[in-house]
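The residues making up each chain are set out below.
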Amino acid sequence: MSPDSSGQARISPPDSTTLRPFLTVFVSVVALTQVPLVSAHEATATGGITPGHGIALALVGVVVLVGSAVFKRTNHFRPTLALYGVFVGISLTALGTILFEGLSPDPTYTARSMPFPRSWYQPLALSVGTAIAVGSLLAGRIRWPNRPRYALAGLLLGLWIAYPYLVPGSASDTHPLGYAIVLVTPVFVGYVLWIDAGDAIRTALRDRVARRFGIGTAVVLLLFFFGVTGYLSFFPEDGAPHEITVAVLPTIYQLVSWPTLEIAIPHIPLFLAVSPGQLLILGTLSGLIGLNGALIARQWRAEARAGLTEGTAGSAAVVGTCTCGCCGPLAAKIAGLVAGPAIAAPLYWVFVDPMSPLSALFVVGSQLLFAGSIIYAVQSAQDLDLSVTVRPSD
């Protein structure tokens, strides 16, 4: 980055010869990992690919991501070039995680492994939901008296947890209150961001590179969430019919029932399940992460007056927040790999089991966490007085 005659900072466009290795590696890895799966009926079920390959690919992605950030911090990479490297690292990590999740056997847990009887779910849901709602109202009153929307966010989280037992029985699957909670959540999150970070988000999205980085990150994470939750799969399933299947079935997803379009094409192989609620929730999650990415990209390219160290620290905090939220769907499987089933089983029954009231924590909690990280990033940037502009044409 160097100042032009007008005193504004100018970032030179990335050298295509420098970006070519990143793009070549990314395209090659995608091709190599997909070709055996397409021809699985001619060889083994997965063409010799194992969960270990997914772990290795994810680790390579982490190395590329961290290395790009370090090279940017040490001025070996220009910010724009570092963003390309970070995006390639995110893509490789997401692809490797999807391979690991799809190829590793799904853990099975018997009723004996439950840390407590399932009858405890009702008092657990009501007590935790009430505690979060009341605690949020008190915290909002004390910490943010002029921002009641923060207290309402905690109240909404408490409703998500307690709802299945506020409307007991099968009536909760189609109750208007359940649909209202699900539909209001992304609208409310958007409202909070509009009030507290709207100007900064609009400024970041006017930067073409930051906008592309944010959109690309959101798309990759949307595919990631679809893959790790089993709604998108390129892996053949034993016993599945060898014919194209298209059906619309009612499926319970996050509190209530939604019409779900299921498409199975075993010859590819491909399985896809899409519902309005799923698109709403996963789209909101990936969109929030994309906004985080766009703000980081804008901050990197703007080069805060306080210097690279503080900007990188703020970016690391945002990345850490997003990592915690993204690891939620894999909590039990990762714990089983690292610590064994004795540790993984309680995590599964408490946080992953669809019947558990705390399973909603990863969904709505991640939305609030990502929105909070955006507000934190904006406030940090305001404190550092970002006044360096970036030419939109570079």
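About the cut-offs
- Residues numbered from 1 in each chain as written.
- Predicted model: local features only at pLDDT ≥ 70, side-chain atom pairs only at ≥ 80, totals over all residues.
- Heavy atoms only, no water.
- Helix = DSSP H or I, 4+ residues; strand = E, 2+ residues; numbered from the N terminus.
- Buried < 20%, exposed > 50% of the residue type's maximum accessible area, 1.4 Å probe, protein only.
- Contact = heavy atoms within 4.5 Å.
- Areas by Shrake-Rupley, 256 points an atom, 1.4 Å probe, with all protein chains shown as cover.
- Salt bridge = Lys/Arg side-chain N within 4 Å of Asp/Glu carboxyl O.
- Phe/Tyr/Trp six-rings, centres within 6.5 Å; stacked < 30°, edge-to-face > 60°.
- Pairing = 2+ DSSP bridges.
- Axes fitted to C-alpha atoms, helices over the stretch in contact; angles between N-to-C directions.
- Expected span 1.5 Å × (residues − 1).
- Bend = angle between axes of the 7 residues up to and from the residue.
- Parallel < 35°, antiparallel > 145°, perpendicular 65-115°, else oblique.
- Nonpolar A, V, L, I, M, F, W, Y, C, P; charged D, E, K, R; others polar.
- Core = buried A, V, L, I, M, F, W, Y, C linked by side-chain atoms within 4.5 Å.
- Patch = residues over 30% accessible without salt bridge, like charges linked within 9 Å, V, L, I, M, F, W, Y side chains within 5 Å.

### Remarks on the overall build of the protein
For the protein, the count of helices and strands is twelve helices and six strands. A buried classification covers 43% of the 394 residues belonging to the protein. For the protein, the share of sequence-separated contacts (at least 6 apart) that also reach a separation of at least 24 residues comes to 75%. With an accessible surface of roughly 19600 Å², the protein has 68% of that area assigned to carbon and sulfur atoms.

### Digging into the pattern of salt bridges
Note on pairing: side chains with opposite charge can pair once their charged atoms come close. One pass over the structure, following the stated rule, counts three salt bridges. A salt bridge links Asp196 to Arg149; the nearest nitrogen and oxygen atoms lie 2.6 Å apart. On the criterion of sequence distance, the pair formed by Asp196 in helix α6 (residues 176-206) and Arg149 in helix α5 (residues 148-166) is long-range, its members being 47 residues apart. For the residue pair Asp196 and Arg149, the accessibility class agrees, reading buried in each case.

### A short note on the packing of aromatic side chains
Taken as a whole and judged by the stated rule, the model has five aromatic pairs. Ring plane angle 80° and centroid distance 5.2 Å describe the contact between Tyr179 and Trp258, whose orientation is recorded as edge-to-face. Taken together, the positions of Tyr179 in helix α6 and Trp258 in strand β5 (residues 256-265) put the pair 79 residues apart, joining distant regions of the chain. Owing to a relative accessible area of 23%, Tyr179 belongs among the partly exposed residues under this scheme. Considering the side-chain rings of Phe224 and Phe225, the 5.5 Å spacing of their centres and the 65° angle between planes classify their relative orientation as edge-to-face.

### What to know about the sheet that holds β5
Taken together, four strands build an open sheet; the order of strands is β3-β6-β5-β4 and the sheet is antiparallel. Here the strands that pair on one side only, and so sit at the sheet edges, are β3 (232-233) and β4 (245-253). Relative to strand β6 (residues 270-274), β5 runs antiparallel, the two being bridged by five bridges. Within β6, the residue paired with Glu262 across the bridge is Ala273. Seen against the sheet, helix α8 (residues 276-302) touches β4, β5 and β6 and runs at an angle of roughly 65° to β4.

### Regarding unusual backbone geometry
Following Ile268, the chain continues into Pro269 via a peptide bond in cis, with omega recorded as -10°. Within the fold, Pro269 resides in the loop between β5 and β6. Positive phi, normally seen in glycine, also occurs at Asn75, with a value near 65°. For Asn75, the position within the fold is in the loop between α2 (51-73) and α3 (79-103). The class for Asn75 is exposed, based on a relative accessible area of 62%.

### Thoughts on the pairing of β4
With nine bridges joining them, β4 and β5 adopt antiparallel strand pairing. Opposite Ile252, over in β5, you have Ser257 as the bridge partner. The turn joining β4 and β5, which pair antiparallel and follow one another in sequence, is formed by two residues; a positive phi near 55° is taken by Gln254.

### Details of α6
Taking 1.5 Å as the rise per residue, α6 with 31 residues should run 45 Å; its terminal C-alpha atoms sit only 39 Å apart, a clear shortfall. In α6, a bend of some 85° at Ala197 exceeds every other bend along the element.

### Thoughts on the environment of Pro259
One can find Pro259 in strand β5. Counting along the chain gives 17 residues from Pro259 to Pro276, while the straight-line C-alpha distance between them is 7.5 Å. Beyond its immediate sequence surroundings of up to four residues, Pro259 is in contact with Val248, Leu249, Val274, Ser275 and Pro276.

### Looking at the packing of α6 against helix α7 (residues 208-228)
For the pair α6 and α7, the least separation of the axes is 5 Å and the interaxial angle reads 100°. With respect to α7, the axis of α6 lies roughly perpendicular. Across the interface between the two elements, Ala204, Leu205 and Arg206 from α6 touch Arg208, Ala210 and Arg211 from α7. When its residues are assigned to classes, the contact of α6 with α7 shows three nonpolar, no polar and three charged.

### With respect to the nonpolar core
The biggest cluster of nonpolar side chains holds 65 residues, and the ones touching the most others in it are Trp160, Leu193 and Ile374. Secondary-structure elements contributing two or more residues to this core are α3, α5, α6, α7, β5, α8, α11 (341-352) and α12 (360-383). What Ile374 contacts, discounting residues up to four positions off in sequence, is Leu193, Ala197, Ile201, Leu288, Leu291, Asn292 and Leu295. Judged by nonpolar contacts, the second largest core, of nine residues, contains Ile49, Leu57, Val88 and Leu99.

### A short note on a nonpolar patch on the surface
Taken together, Leu137, Leu152, Leu155, Leu159 and Leu166 make up a surface patch of nonpolar side chains, about 380 Å² in accessible area. The element contributing the most residues to the nonpolar patch is α5, with four residues. You can call Leu137 partly exposed: its relative accessible area is 42%.

### Regarding helix α4 (residues 121-143)
Because the α-helix completes a turn every 3.6 residues, residues three or four places apart line up on one side. With 23 residues, α4 extends 31 Å between its outermost C-alpha atoms, agreeing within 8% with the 33 Å of an ideal straight helix rising 1.5 Å per residue. Of all the residues in α4, the buried ones are Tyr121, Ala125, Gly129, Ala133, Ser136 and Gly140.

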